[in-house]
Amino acid sequence: MTDNIPLQPVRRPKRHDGKHRNGCCPWSRCCGMGDFRPRTVWLGHPEKREQRYPRNVINNQKYNFFTFLPAVLFHQFKYFYNLYFLLLACSQFINELRLGALYTYWVPLGLVLAITIIREAVEEIRCYLRDKEMNSQIYSKLSTRGKDRRHRRQHWLCFSVMLISEPRSCFLRTDQLDGETDWKLRLPVACTQRLPTAADLLQIRSYVYAEEPNIDIHNFIGTFTREDGDPPVNESLSIENTLWASTVVASGTVVGVVIYTGKELRSVMNTSNPRHKVGLFDLEVNCLTKILFGALVVVSLVMVALQHFAGRWYLQIVRFLLLFSNIVPISLRVNLDMGKMVFSWMIKKDSKIPGTMVRASTIPEQLGRISYLLTDKTGTLTLNEMVFRRLHLGTVAYGMDSMDEVQSHVFSAYTQPSHDLPASRAPAATKVRKTISSRVHEAVKAIALVHNVTPVYEANGVTDQAEAEQHYEDTCRVYQASSPDEVSLVQWTESVGLTLVGRDQSSMQLRTPTGQILNFTILQIFPFTYESKRMGIIVRDESTGEITFYMKGADVVMAAIVQYNDWLEEECGNMAREGLRVLVVSKKSLTEEQYQDFEARYVQAKLSVHDRSLKVATVIESLEMEMELLCLTGVEDQLQTDVRPTLEILRNAGIKVWMLTGDKLETATCTAKNAHLITRNQDIHIFRPVTTRGEAHLELNAFRRKHDCALVISGDSLEVCLKYYEYEFMELACQCPAVVCCRCTPTQKAQIVRLLQERTGKLTCAVGDGGNDVSMIQEADCGVGVEGKEGKQASLAADFSVTQFKHLGRLLMVHGRNSYKRSAALSQFVIHRSLCISTMQAVFSSVFYFASVPLYQGFLIIGYSTIYTMFPVFSLVLDKDVKSEVAMLYPELYKDLLKGRPLSFKTFLIWVLISIYQGSIIMYGALLLFESEFVHIVAISFTSLILTELLMVALTIQTWHWLMIVGELLSLACYVASLVFLHEFIDVYFITTVSFLWKVTVITLVSCLPLYILKYLRRRFSPPSYSKLTT
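Per chain, the residues get numbers from 1 upward, laid out in the order the sequence is written. It should be noted that, the model being predicted, local features are given only for residues of pLDDT at least 70 and side-chain atom pairs only at 80 or more, the latter also being counted only at that level, while totals for whole chains, interfaces and linings use all residues. Think of the side-chain values as coming from all heavy atoms in the structure, minus any hydrogens and water.

In the annotation of an unreviewed UniProt entry, the entry for the protein reads Phospholipid-transporting ATPase, and the organism field reads Sander lucioperca. The annotation that UniProt attaches to the protein under Cofactor (unreviewed entry) is "Mg(2+)". UniProt positions are given in the numbering used here, feature names are shortened, and annotations may be inferred rather than shown by experiment. Under the UniProt heading Catalytic activity (unreviewed entry), the entry covering the protein gives this text: "ATP + H2O + phospholipidSide 1 = ADP + phosphate + phospholipidSide 2."

Dropping the structure here:
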C-alpha cells in the first residue's frame, strides 16, 4: 500500500439538531463537492501524489474538552422553557426582585442541568472509547523498506483497489455498507496478480486512475496502467476490483492500493444525519406549558391591576411572575425524561419480546398512537429464506412432489447418451421422452451455471479445509452468493444430481450424478443490477469447446430478449399469483468468431472513462437477442412466524397497514393475501399502469367509484399519480383498509411516509430489515428495524429494533399503550402539583392585600417537588389499567388512544379545575382555622398539601405495585422526619397537638373526599371501556 496513508475511516460529529445542509456528506458545508476530482495514484511513489489524502480517523464525538460545557449549556438554553427558568434564577441577584433564598431557584435549575450534563458526558465518554478502539486498530503497510505484514479476516478501513490476492480471489462481507449479509466475490488486477511477490509492486512503474469520489456504492470506474511493460498494459477497473471501507475480508489475503480515505469514502458520503424526531406528545406538553405561561402572565397582571398599578408597578409585575413561577413546573421535563428511560428499560427487559432494543429513548410514547404502519415485504413479513418450488418448461411443470422425475431425467442425460439409440429406430414415445429429458437437462445445466455462487469448503473436525477442497467433500461445502435466491437455485441443482463443486475467477466445475467432473471456462460475467434486472455468463465447455451465453432475469426484461413464445407471460403471472419469485432462464450458442468480435468490443468499452456504463451496456445488448427460452424457476419466500395474527391485531387496533416492496405486482399481491393483509372477502383494485396525466385521471375516477377495497399499485404508476394528482390520490388511498405498493424504490418509500404525515397529520411507523428501508425508517415518526437476513443496517438506523415481526404487536399494544397513558398521567399530575401550590400562593396574596410575599420559602418550596412528592408521583410510570395479556387479547383498547384522549385540552382543563379547587380549599381552610400565629398557617396548609398530593396519587393509580406503596410511605416518612429540622418555617410544638391534627384532617378530607366520590360515581354510571375487562 502507499506510504503514510492511515487506514481509518473518518466520521465527523453529528450536528446536535439533526439538520444538515444539502450535500452527500456532513462536510459539504466546509469542503464542497467542488473539492472532489479524479486522481492518479502511483504505486510506491507517494511523492507523485497530486493531492493530499483526507485524515483517516474516526471522530463521532459532538464536543471536545473545551467546547463540552459551553455547547451543552447553549443547547439547553436555546429553548424558551429552560431559558425562562434561567432568567428567573438570575433575577434573584437583584435586591428589588428577590423573594427568598437564592437556592430556592438555583438548586432545582442546577439539578435539571446536572442530570443533562451527566447524561451527555456519559454518552461522550462511551463515544470516545468506541472511537479510540477503532482508531487503535493495527493495519499493515507495504513500503520500499520491504515491510510486508498481511492479516486474515480484518476490517477494511479505506477504499482500495485489489492488486494481489491469495488465493486468486477473495470474498468480502458488506453487511455494514449495504445491509446484505451474503459474501461478495472480489478479483485482483490481472497483471499485478501475476507478479512473483508483493514487494515487486514497488518495483514496477504503474499507476491507478480513479474517478472522483461519489456516493454510488454499486459502481466504480477506473483504469490500471503499467508503463514499463512491453507493450504497456492498460486494464479497466470496476466494482469487482475494489475493497471498500466498512467491509470485512471474509476469506483470502489481500494487498491493495489506497484510493480514497476520510471524507471521500463512499460509506461516509452516504451517511446523512437522520432527522431529529420530536414526539407528538412532547409537542402537546410544550403547548400546554405555553398556556400555563400565558396564565402566569395574566395572573401577575391581574394582581398588579388590583393594586391599581400603584408605585413601581412594573417591578411588581416581575415579582409576581417570580412568585407564581411554579405555574410552569420546572420538574415536568425531568419527570418525563426519566419516565421515558423507565419505559425504554421495560421494553428491553420484556422476556416475551427478547432481543428488542430501544435506540431512541425519547419517543417510546409514540408507539401508543400509531395510525399507519408501513412495512417492507422480503425479510420483514417473510423469512428471506428461499425454497425452490417450481420448474416450468412451457409444456410441462415440475413441483416439489415431482422432483424425482427431474432427477431421473438428469441421471439419464449422463448415463444414456442420445447417440446410443438412433433416432430413426426409436419409437415415437421414446423420441418424446428423450426430448423432454434433454430439455430438462439443458434447463438444470443452465441454472447450475448462470450465477455468482461460489462453493467454500470448511474444516468439519474430520477433514481439514485443503483436503475437503481437493476432494470436493459434500459435508464441508457451503455456498456463498450475494443473493439467497441464487443459493437456493444451486442447492436445488445439487439435489437433482448436478452439483457445483468448484469455482474461481476463470473456471467452474460441476459434478454429474455419475461422479464425472465437468469443467467450464468462465469467459465473461455480467452481474445483476437493479437497473438491468438480469445477469449473464459466457462459458466454454472444456470437453466440447462449445461457447454458450446463459442469461437469467425478471420476466419484464427477458420477454423482449428471448425468442417469440405464447406461454411466458401467462405462466409467469400464474406462478407469481402463487407467491413465487419468478426468473426466466435462456441461452444462446456462440461461434468462436462471434465471441472474439464481442470480446474486442467489450474490452474497448470497459476501458472507456466517460460513459463507460452506457457503452458496456450497449455492447452486451448486442448479444441479448433471439435467445432460446429454456425454463422458468419459481422460488418461495416463506412467511415469518405469526405474521397473520400480528397483522390481525394491528387491524383490530385501528392501524392501517401499507406494504411497500420492490417485488413485482403479482408476488406482492399474493404475499399480501397469504399474510391476510388483504382478507379473503375483500375486494382488490389493481391500479392499471399509467404513464400520462390523462390515463391517471381516468384510473383515479375508476378507483373512486369503489368502496372499502384494497389498493395495489406499482411504483411507476404511483410516481405519475403523485406528480399530477397528489392530493386526490392520497385522499383515496387513505380510505383503503390496506395498500400494496410494488416495484417501489427506497426514495418512493420515504416519499409515501412523508405524504402520509403531511396529508393526514397522523403518526406513522415504518418497519423494514434491509439497507433499502433505511430512508423510510428514518422518515417515519417511529422507525422499527427487523434484524434479518439482509444485515443490521435497518436495525441500527431505526428507533426500535426487534428480532421478529410478531414482536411488533406487543411493542405497540402493550408497551406503546402503557407508555403513552403513563406519560399523560405523569405530566398532568406534575402540572396539578405545581398549580395547587400556585393557587395557594394566589389566595394568600389576595387575602393579604395583594402583597408579593412568598407563602413558602427555603427548603419547603424545594422539598415539595422533590423528596416530599417525587417518589409517589413518579411511581405513576408503573401504573397500568389492564394486564398485558388483556391488552393483546383486546387490541380495540389501542384504538381509544388514537384520538389523544389521555392528554387533551379537556383532561387538562379538568386537572386545572381540580388544582384550583384543592389549592383554594387548603389555603382558605388554613386561614379560617389558624388561631394566633402566621407560622401555624404554614404548618397546617403545607401538611394538608402534602397529604392531598399523596392521596391524589392513590386516587389516580389503577393497579397497585409494591414500589408505589413504598413511594407513598417513604415520602410521608421523609416529611415527618424533616419536621424536626424545619423549625425556621414550622412550629414543631404546634404540630404535636390535637388541634393541628384535626384541622389538617378536616382540610384534607374536604379537598379529596369529593373527588373520591366523583370517581366512584363515574365508574358506577359511566365506566371506561377497559373496566369490563378487569372485573
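Participant: Please give an account of the overall build of the protein that cites residues and values.
Facilitator: Secondary structure follows DSSP: runs of H or I at least 4 residues long count as helices, runs of E at least 2 residues long count as strands, and numbering of each begins at the N terminus. Counting its secondary structure elements, the protein contains 35 helices and 29 strands. Looking at the protein as a whole, 54% of its 1031 residues qualify as buried. The contacts of the protein with a sequence gap of at least 6 include a subset with a gap of at least 24, amounting to 75%. With residues, only the protein chains shown are counted as cover, and all accessible areas are computed by Shrake-Rupley using a 1.4 Å probe. With an accessible surface of roughly 46,800 Å², the protein has 57% of that area assigned to carbon and sulfur atoms. Any residue under 20% of the maximum accessible area for its type is buried, any over 50% is exposed, and the rest in between are partly exposed; the area is computed with a 1.4 Å probe on protein chains only. Any two residues whose heavy atoms approach within 4.5 Å are treated as being in contact.

Participant: Outline the packing of aromatic side chains, supporting the account with residue identities and numerical values.
Facilitator: For Phe, Tyr and Trp, where Trp contributes only its six-membered ring, two rings pair if their centres lie within 6.5 Å, and the inter-plane angle classes them as stacked under 30 degrees, edge-to-face over 60, or tilted in between. Taken as a whole, this structure holds 23 aromatic pairs when the rule is applied. Here the aromatic rings of Trp 313 and Tyr 314 are separated by 6.0 Å at their centres, their planes lie at 75°, and the arrangement is edge-to-face. What makes Trp 313 partly exposed here is its relative accessible area of 36%. Tyr 314 gets classed as partly exposed once you look at its relative accessible area, which sits at 47%. Ring pairing ties together the aromatic residues Phe 526, Phe 549, Tyr 595, Phe 598 and Tyr 602, which thus form one cluster. By definition, being over a ring means that NZ of Lys or CZ of Arg is both within 6 Å of the ring centre and within 35 degrees of the ring normal. For Arg 1020, the ring lying beneath its charged end belongs to Phe 1021, and the centroid distance is 5.6 Å.

Participant: Pulling in residues and values, what's your account of the sheet that holds strand S23 (residues 656-660)?
Facilitator: Strands belonging to one sheet form pairs held by backbone hydrogen bonds; the direction of such a pair is parallel or antiparallel. Spatially, S10-S29-S28-S27-S11-S23-S26-S25-S24 is the arrangement adopted by the 9 strands of the open sheet, whose pairing is mixed. Each edge of the open sheet is held by one strand with a lone partner, namely strand S10 (357-358) and strand S24 (683-686). For two strands to be treated as a pair, DSSP must find at least two bridges joining them.

Participant: Can you tell me about a nonpolar patch on the surface, naming the residues and giving the values?
Facilitator: On the surface, a nonpolar cluster with roughly 910 Å² of combined accessible area is contributed by Leu 951, Leu 1005, Leu 1009, Tyr 1012, Ile 1013, Leu 1014, Tyr 1016, Leu 1017 and Phe 1021. When residues in the nonpolar patch are grouped by element, the largest group, 8 residues, is from helix H34 (residues 994-1021). Within the element layout of this structure, Leu 1009 appears in helix H34. With a relative accessible area of 47%, Leu 1009 lands in the partly exposed category. Like-charged residues within 9 Å of one another, or nonpolar side chains (Val, Leu, Ile, Met, Phe, Trp, Tyr) within 5 Å, are grouped into patches, provided each residue has over 30% relative accessible area and no salt bridge. When a carboxyl oxygen of Asp or Glu lies within 4 Å of a side-chain nitrogen of Lys or Arg, that pair is called a salt bridge.

Participant: I'd like a rundown of helix H20 (residues 693-704), residues and numbers included.
Facilitator: Over its 12 residues, H20 extends 16 Å from the first C-alpha to the last, a length consistent with the 16 Å expected when each residue adds 1.5 Å. Among the residues making up H20, those that are buried are Ala 696, Glu 699, Leu 700 and Phe 703. Around the axis of H20, the buried residues are gathered within 105° of arc, so they sit on the same side. Of the surrounding elements, those touching the buried residues of H20 are S24, strand S25 (709-714), helix H21 (715-724) and helix H22 (726-734). One fewer than the residue count of a helix, multiplied by 1.5 Å, yields its expected span. An arc is given here, and it is the one of the directions from the helix axis to the C-beta atoms.

Participant: Which residues make up the side chain of Gln 757, and what values go with them?
Facilitator: Checked against the element boundaries, Gln 757 lands in helix H23 (residues 746-760). Throughout this description, a polar contact denotes any pair of N or O atoms lying within 3.5 Å of each other; where both atoms belong to protein, one of them has to be capable of donating a hydrogen while the other can accept it, and for residues adjacent in sequence the pair is counted only when both atoms sit in side chains. One polar contact links Gln 757 to Thr 764, side chain to side chain, over a distance of 3.2 Å. Within the structure, Gln 757 has its side chain in polar contact with the backbone oxygen of Glu 779 (distance 3.0 Å).

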